[in-house]
Amino acid sequence: MADIHVRKRGDKWYYSFECAPVDGKRKRIERVGGKTKKEALEKGIQALNEYNNSGQHFEVSTVSVADFLDYYMENYNKINNKYNTQVGNMIVIENHLKPTFGSYRLSALSTAAIQEFINDKFIIGFAKSTIKNIITPLSQAYEYAIDLGYVRDNPCQRVKYPKDCRQPKQRELISVDEYNTIMDMLKDHKPFDIAVMIGWYAGLRISETFGLTWNDIDFDKKTITVNKQIVKRNFGVDIRKAYLEKGKKEERSAWYFQSPKTPTSHRTIVVSNDLIKVLKAWRKKQLENELYYGEYYKELYLKDEKDEKGKNIQRIIEIEKSIPCSLPTANMIFRKENGEYVSTDSFKYPSRIIHHKLGIEKFDYHSLRHTHATLLIEAGVSPKTVQERLGHSSIQTTFDRYVHNTEDMKQEAADTFDEILKKAAKQKDA
């Protein structure tokens, strides 16, 4: 560490210390320290500490896990993760990680303490996947701390998850008969039947489906292009403040367009004649509704804003047509009769009907995507084609998350093995 030098010039005392050389030349920093030698020395020590820790928001050796998690949220999580992931991590940090590990020093938290936490959660009935989701932000924060040189290792890397943890509920397939029953029930509940059709025929995520505009539909080529998704988020409010200040989250929420989940989620999907026919009819009906409501029709506009990363996002604003607005329009597919936007929140209504009136409790929107992928694989479609259709970056994700080993697949494997044995027996006899 550089030495602090003090000297008196006139009626004031100055402190100075040597800093990093510039262009190979030695350089010193000198500032007024006060009217006494002691005051100048104290200010010099403080200035030197600030210089040595330039760019750091805390003393590394004493920073708490809680403070570093806040630092991680601001400097890593906010910059690198999608909005919903940020919110999920923040909830885990505030509800689980800070109460348990917040008072530990960052450099002192041990694998044993984390292991005890995991074991306790297992004993009270947490699923293995839930426990992993809690530990993931802590592990990610420690990896970030390693990159910054604050700690040498990640205590989360060596933890063991109980082997007999309750496994997460497996997604079930929606049968063709169940799908037809659902569609028959929803025929008078537009546009929810169209949303279900898109999930069934194209395998889109719900945020992709409800983010579609008519510009994304090519009726001639019979394609749907996915180039954005819809997300409900706060605008102009730090997510931690919104979470901690009761009521503010819902008060400041709005619907936004944001980029798709991953780069490979950008895709164009060829769809069936049946879906295109239904979309054409719905487009015609929307235009008729717009004429019927006239100036009272709700127009949807797009307002450019910046997200927490400084990137452009677009907020959907709803205004009656009678009110002049120079913003570009959002030509959304999912709208009520009077033009109001129909969001993913609204899909809770048909889901309740399907669960309680039809008794198909396994249904959720993602089950349509799950079934879409499985039926294609079962029909012999190339896994690579299915991967690209779903927009997965890895083909392993397609198999691990969406492809069931169905009874038909099991029977096909058994039949194929029988054919192999019969063929081998014939060759031997010959």
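Presented here is an overview of the structure given in this document. What you are looking at is a predicted structure, and each value in this text was computed from that prediction instead of being measured.

Structural notes on the overall build of the protein
Phase 1 of the analysis: Scanning the protein from N- to C-terminus turns up 16 helices and 10 strands.
Phase 2 of the analysis: The burial tally for the protein puts 41% of its 430 residues in the buried class.
Phase 3 of the analysis: Expressed as a percentage of contacts within the protein between residues at least 6 apart in sequence, the contacts between residues at least 24 apart total 65%.
Phase 4 of the analysis: About 24,600 Å² of surface is accessible on the protein, with carbon and sulfur atoms providing 49% of the total.

A short note on the pattern of salt bridges
Phase 1 of the analysis: According to the stated counting rule, one finds 19 salt bridges in the structure shown.
Phase 2 of the analysis: The shortest N-O distance in the salt bridge between R9 and E30 comes to 3.6 Å. With R9 in strand β1 (residues 5-9) and E30 in strand β3 (residues 25-34), this pair connects stretches of sequence that are 21 residues apart.
Phase 3 of the analysis: We classify E30 as partly exposed; its relative accessible area is 29%.
Phase 4 of the analysis: The partner of K98 in a salt bridge is D70, and the shortest N-O contact between them spans 2.6 Å. Separated by 28 residues along the polypeptide, K98 in helix α3 (residues 83-101) and D70 in helix α2 (residues 65-80) bring together distant segments of the chain.
Phase 5 of the analysis: Where salt bridges share partners, they join K298, E318, K336 and E340 into one cluster.

Section: the side chain of D193
Phase 1 of the analysis: The residue D193 is located in helix α7 (residues 192-202) in this model.
Phase 2 of the analysis: What makes D193 buried here is its relative accessible area of 6%.
Phase 3 of the analysis: Among the polar contacts listed, one links the side chain of D193 to the side chain of K190, at a separation of 2.6 Å.
Phase 4 of the analysis: Once you skip the residues sitting within four places of it in the chain, D193 turns out to touch M183, L186 and K187.

Considerations on the side chain of D307
Phase 1 of the analysis: Tracing the chain through its elements places D307 in the loop between β9 (298-306) and β10 (312-320).
Phase 2 of the analysis: Separated by 2.8 Å, the side chain of D307 and the backbone nitrogen of K311 make a polar contact.

Some points on a nonpolar patch on the surface
Phase 1 of the analysis: A cluster of nonpolar side chains, F417, I420 and L421, forms an exposed patch at the surface whose accessible area comes to about 310 Å².
Phase 2 of the analysis: Along the chain, the position of L421 falls in helix α16 (residues 407-429).

Re the sheet that holds β9
Phase 1 of the analysis: One open sheet accounts for four strands, arranged β6-β7-β10-β9; its pairing is antiparallel. In the strand order of this sheet, the two ends are held by β6 (229-234) and β9, each with one partner. Taking the axes of each pair of neighbouring strands and ignoring which way they run, one obtains an average angle of 40° across the sheet.
Phase 2 of the analysis: Of the pairings in the sheet, the one linking β9 to β10 comprises nine bridges and is antiparallel in character. Bridging across to β10, E305 finds its partner in I313.
Phase 3 of the analysis: The sheet strands contacting α3 are β6 and β7 (253-258), and the helix crosses β6 at an angle near 45°.

With respect to the sheet that holds strand β8 (residues 267-270)
Phase 1 of the analysis: Taken in spatial order, the three strands of this open sheet run β4-β5-β8, and their pairing is antiparallel. Both outer strands of the open sheet, β4 (217-218) and β8, are each paired with one neighbouring strand and no more.
Phase 2 of the analysis: Inspection of the sheet shows β4 paired to strand β5 (residues 223-226) by two bridges, in the antiparallel sense. Within the sheet, the bridge partner assigned to D218 lies in β5 and is T223.

Describing helix α11 (residues 273-293)
Phase 1 of the analysis: A rise of 1.5 Å per residue sets the reference length of α11, with its 21 residues, at 30 Å; its end C-alpha atoms lie 31 Å apart and thus fit the reference within 8%.
Phase 2 of the analysis: When α11 is considered as a whole, its buried residues turn out to be L275, I276, L279, W282, Q286 and N289. Summarising the axial view, the buried residues of α11 lie within an arc of 140°, below the 170-degree limit, and thus occupy one face. In α11, those exposed residues whose orientation departs by more than 90 degrees from the buried face are K277, K284, L291 and Y292.
Phase 3 of the analysis: Where the residues of α11 are buried, they touch α7, β4 and β5.
Phase 4 of the analysis: Two residues or fewer past α11, G294 is found with a positive phi of approximately 55°.

Side note on the packing of aromatic side chains
Phase 1 of the analysis: If you walk through the whole model with that rule in mind, you get 18 aromatic pairs.
Phase 2 of the analysis: Ring centres 6.3 Å apart and planes at 40° place the aromatic pair F68 and Y144 in the tilted group. Placement of the pair is F68 in helix α2 and Y144 in helix α5 (residues 128-148), with a sequence separation of 76 residues.
Phase 3 of the analysis: Relative to F347, the ring of F210 lies with its centre 6.0 Å away and its plane at 70°, an arrangement referred to as edge-to-face. Of the two residues, F210 is situated in the loop between α8 (206-209) and β4 and F347 in the loop between β10 and α12 (348-357); the sequence distance between them amounts to 137 residues. By the burial criterion, F210 is buried, and F347 matches it.
Phase 4 of the analysis: For K228, the ring lying beneath its charged end belongs to F257, and the centroid distance is 5.3 Å.
Phase 5 of the analysis: One cation-aromatic arrangement involves R233 over Y256; the distance from NZ or CZ to the ring centre is 5.8 Å.

Overview of the packing of α7 against helix α13 (residues 365-378)
Phase 1 of the analysis: One can describe the packing of α7 onto α13 by two numbers: an axis separation of 7 Å at closest approach and a directional angle of 30°. Overall, the two elements α7 and α13 adopt an arrangement that is roughly parallel. In this structure, α7 meets α13 at a crossing whose hand is right-handed. Between α7, through A195, V196, I198, G199, W200, Y201 and A202, and α13, the contact on the second element is made entirely by Y365, L368, R369, T371, H372 and L375.
Phase 2 of the analysis: Grouping the amino acids of the contact of α7 with α13 by side-chain chemistry returns nine nonpolar, three polar and one charged.

A word on the pairing of β10
Phase 1 of the analysis: With two bridges joining them, β7 and β10 adopt antiparallel strand pairing. Note that in β10 the partner of Y256 across the bridge is R315.
Phase 2 of the analysis: Once β9 ends, the chain turns through five residues before running back antiparallel as β10, passing G310 with a positive phi of about 85°.

What counts as what
- Residues numbered from 1 in each chain as written.
- Predicted model: local features only at pLDDT ≥ 70, side-chain atom pairs only at ≥ 80, totals over all residues.
- Heavy atoms only, no water.
- Helix = DSSP H or I, 4+ residues; strand = E, 2+ residues; numbered from the N terminus.
- Buried < 20%, exposed > 50% of the residue type's maximum accessible area, 1.4 Å probe, protein only.
- Contact = heavy atoms within 4.5 Å.
- Areas by Shrake-Rupley, 256 points an atom, 1.4 Å probe, with all protein chains shown as cover.
- Salt bridge = Lys/Arg side-chain N within 4 Å of Asp/Glu carboxyl O.
- Polar contact = N/O pair within 3.5 Å; in protein donor to acceptor, adjacent residues only side chain to side chain.
- Patch = residues over 30% accessible without salt bridge, like charges linked within 9 Å, V, L, I, M, F, W, Y side chains within 5 Å.
- Pairing = 2+ DSSP bridges.
- Axes fitted to C-alpha atoms, helices over the stretch in contact; angles between N-to-C directions.
- Expected span 1.5 Å × (residues − 1).
- Arc of directions from axis to C-beta.
- Phe/Tyr/Trp six-rings, centres within 6.5 Å; stacked < 30°, edge-to-face > 60°.
- Lys NZ or Arg CZ within 6 Å of the ring centre and 35° of its normal.
- Parallel < 35°, antiparallel > 145°, perpendicular 65-115°, else oblique.
- Left-handed = near helix turned anticlockwise from the far one by under 90°.
- Nonpolar A, V, L, I, M, F, W, Y, C, P; charged D, E, K, R; others polar.

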